[in-house]
Amino acid sequence: MQDPIFAFSIAAVIIFIAFIADQFFKKSGIPSFILLIFAGIVLGPITNLISRNVLLPLLGTVAELTLMMVLFYGGMDINLHKLLANSGRVFIQVVLYVIPSTMLIAAFANYVLGWGWPQALIFGSIVGGETTAAVMVPLSRGLKFKEATRVFLVLESAMNSVFSVILFLTFIGFYQTGTASSYTAISSIVSNFSIGIVIGLTLSLIWVSVLAYVKQYKYTYVLTLGFLLATYVIADVFGGSALLSVLVFGVLLANHKFVETFLRRKLHIDTLKRRLFEFQGELSFLLEAFIFVFLGLIVSISLNNIFFGLLIGGMITLILLIVRGLAVSVSTFKSTISKDKKTLMLLCAQGLTPATLAVLAIGYGIPLANTFIGLVTYVIIFTNTITAVGSFFAAKHLSAA
Amino acid sequence: MILQNTTLDFFLLGASAILLIGFLGRAIARNTSVPHIAWLMLFGMLFIPVFNFVPQSSLLSIISFVSSIVILIFMFNAGLNINLHRLLQEASRASIVGIVNFVVAAVAAFFVMFLLGYGMILSSLTGIIVGSIGSTVIPYVWQNALRRNKNKDLLVLESAISEPLSIILVLVIISTILINNYQVSFLATTLVSEFSIAIVLGAVFAFAWIPAMSYFQRYKYEYSYAASLSLVFIIYTIVQDLGGSGPIAALMFGLVIANGEDIYRGLNYHHSHSFTLSKESKSFHDLITFFTTSFFFVYFGGLITPSDYYGFLLGIIIGLVLLLARIASTHLALFKSEFSGSDKSLISYMVSRGTGAAVVAVLPISYGILNLQFLDVIFMTILTTIVMNSLLVANYKIVPPIPAS
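Just so we're clear, the structure is a prediction, and the values are computed from it rather than from any experiment. (Residues numbered from 1 in each chain as written. Chains lettered and ligands numbered in written order. Predicted model: local features only at pLDDT ≥ 70, side-chain atom pairs only at ≥ 80, totals over all residues.)

(A) Molecular detail of the environment of serine 185 of chain B. All names here are of chain B. The residue serine 185 is located in helix 10 (residues 184-218) in this model. The class for serine 185 is exposed, based on 11 C-beta atoms found within 10 Å. Separated by 57 residues in sequence, serine 185 and isoleucine 128 have C-alpha atoms that sit 23 Å apart. (Helix = DSSP H or I, 4+ residues; strand = E, 2+ residues; numbered from the N terminus. Buried ≥ 20, exposed ≤ 12 C-beta atoms within 10 Å, placed from the backbone.)

(B) Summary view of the packing of helix 10 of chain B against helix 11 (residues 224-241) of chain B. Residue and element names in this part refer to chain B. For the pair helix 10 and helix 11, interaxial distance at closest approach is 11 Å and the crossing angle is 160°. Here helix 10 lies roughly antiparallel to helix 11, going by the angle between them. Both helix 10 and helix 11 take part in a crossing whose hand is right-handed. Where helix 10 approaches helix 11, its residues Ile197, Ala198, Leu201, Gly202, Phe205, Trp209, Met213, Phe216 and Gln217 are matched on the opposing element by Ser224, Ala227, Ser228, Leu231, Ile235, Ile238 and Val239. Of the residues belonging to the contact of helix 10 with helix 11, the class tally is 12 nonpolar, 4 polar and no charged. (Axes fitted to C-alpha atoms, helices over the stretch in contact; angles between N-to-C directions. Parallel < 35°, antiparallel > 145°, perpendicular 65-115°, else oblique. Left-handed = near helix turned anticlockwise from the far one by under 90°. Contact = placed C-beta atoms within 7 Å. Nonpolar A, V, L, I, M, F, W, Y, C, P; charged D, E, K, R; others polar.)

(C) How the structure looks around the packing of helix 2 (residues 36-50) of chain B against helix 14 (residues 279-302) of chain B. Residue and element names in this part refer to chain B. For the pair helix 2 and helix 14, interaxial distance at closest approach is 6 Å and the crossing angle is 50°. With respect to helix 14, the axis of helix 2 lies oblique. Between helix 2 and helix 14 the crossing geometry is right-handed. In this structure, helix 2 uses Ile37, Leu40, Met41, Leu42, Phe43, Gly44, Met45, Phe47, Ile48 and Pro49 to contact helix 14, whose residues at the interface are Ser294, Phe297, Val298, Tyr299, Phe300, Gly301 and Gly302. Its residues placed into classes, the contact of helix 2 with helix 14 shows 13 nonpolar, 4 polar and no charged.

(D) Seen up close, the interface of chain A and chain B. Contacts between the two partners involve 19 residues from chain A, matched on the other side by 21 residues from chain B. Counting residues per element, the ones that place at least two in the side of chain A that touches chain B are helix 4 (80-111), helix 8 (182-214) and helix 11 (256-263) of chain A. Examining the composition of the side of chain A that touches chain B, we find that 8 residues originate from one element, helix 8 of chain A, more than from any other. Here the residues of the side of chain A that touches chain B are counted per class, giving 11 nonpolar, 7 polar and 1 charged.

Okay, structure coming up:
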């Protein structure tokens, strides 16, 4: 990895694989990320061409950057009306999926694995209820879902990681002090969401107005990316959900006509917006390719406890699927997206949040944290496999329709 | 205390007197340009501290309750009266006028207090509290003089911007003092969190309520307008409990439901019926505001200490400084605008302070940050600005008074 030529070669291979995987997905319906994760597993754990330990310190930054770009791109493809119309259902989905799955997995860890409640709850919050935006955003676009379903998946993936992180921190507090406050957790979630939304909304409104004046200048796209990074940082500094602020930024930029309606004047930024969307698509594609390969590279599969991992990981995935099925049934009840509920249930891919939280658990000195990492790896692999199967059938179904 | 054996009669008479003065004050305002709040405050001062019909200590015991209710109603009504579309469209001019006038007035009042040896907190609070013109007072003062829509609109928008701004800034200062942690990062995070929670929850509840409200209005459910008010109380409580700012949530809720039609149209939400607040609802909220503010001004007058001559003198000085500051700042903000010299002078005379200043002045007392004498200064500042405004505008009577409808 020290050799730049070697790094460039790997990068070139990843980009080629990503391009081929994308074309393959369009033909077969098998999602590209499966091939990319597999490429990562080949490059890392199997051939050991790239060391996992070299990549681990970079993971956080690359993952955050990817999520930021992917959510911004996802936001730019969302209709504000559809977003508001579905946000209530998405909120129900997140609450009904994250909280019960966290609790059930904790109960499973406590009663079946014999772990103490603090560790069981921390583990539950790590693997309970996340769906990763890195998979959901490109997948929902690639599968050509109807817009309401796409909005549902993108928004869910942006919201559920906030719940997971706050539950994780609450249970860490419980482990450290012996007390946990549900009031503090609820208040933190509301505050986190609210700050993210308000900062995203305020800064995007400012930026949309500024764009109307600087649209003819060169490098406006780069300037927009700079402002996006600033939005992310500001939201994070003020204790808000930085990812949500980025999503809101993208949504408002895409729906600038809403601002025009109020100002009763045209901003004339449609051409610029189209260019931004194209550039952002290329950048997101590149970052997604690297992050999936990264995911494959960092998985840790040990032959010593492979049966334990497969069994427990499988059971946790089953719990997740059952809870997700029930949550989707309730949240899509009598809605236009209820026809897609089987697919929505299967699209449960986990990724960056469980991986990051599992690494954080080691930092907090939680007993069993190393076991967490192993089990999280299996859950990530299982949920991604189920998502691949689900998206394969969804692709067939959608093309037949 | 007199009338001790007939407490009920006493309070009923008191309540009827308040409402009657509220009405008569408005009637008198049509001809004299002296708004009702002046009469109500004077009535309160005579009724309570001068003749001691009710002990001042009993008023103080309910100060937190009264300030919460009044600020909630006031902010909700302020939100209902903001036309978002007009505000955004005419934002450039009105915002400049509103913000320049507010900042100059606040800084001027701050320096008066600070130079007289008062501390930073007291001087800042005074400056911000008396910084904005009164939205409920200005209409009574202008109706005899300002008949040009352009001038009216500017003043409506100016008060619509500056009065909530003044309340928001006072809430920021109070929160800062209560948090008692002056680390900038901690302070900024806490305040942003408080305001964000309020903005998001206020808007979310309003978005959900607009279609339901429209349905109730369309099918003429009796007293459906009362439901909006009850919802404000619920939102206020939830937001406060979750660590947000209740008054801001009330403002946001009012603002979104008052602009529901525009917002939903902007979102391309196709609906066959109107999402506009009905006239009945608007009248109901105006009536509630009339009741609440009438009682509040009497209450406010009741908290005054009649022998605090120094406080009154200070109030008069601040009132005079505010007029001078406004003359300068209005001419500055309207420099090279389409307004004529006469228009600019007239607008600069609109110095009256009103409900916003009185409501927000009670807040620091209710939190125990300042003592009761602070109200004497604000009371006299409000009275001085109203009297000066009425006298200056009297010379500008360019059309006959509006006939009673």
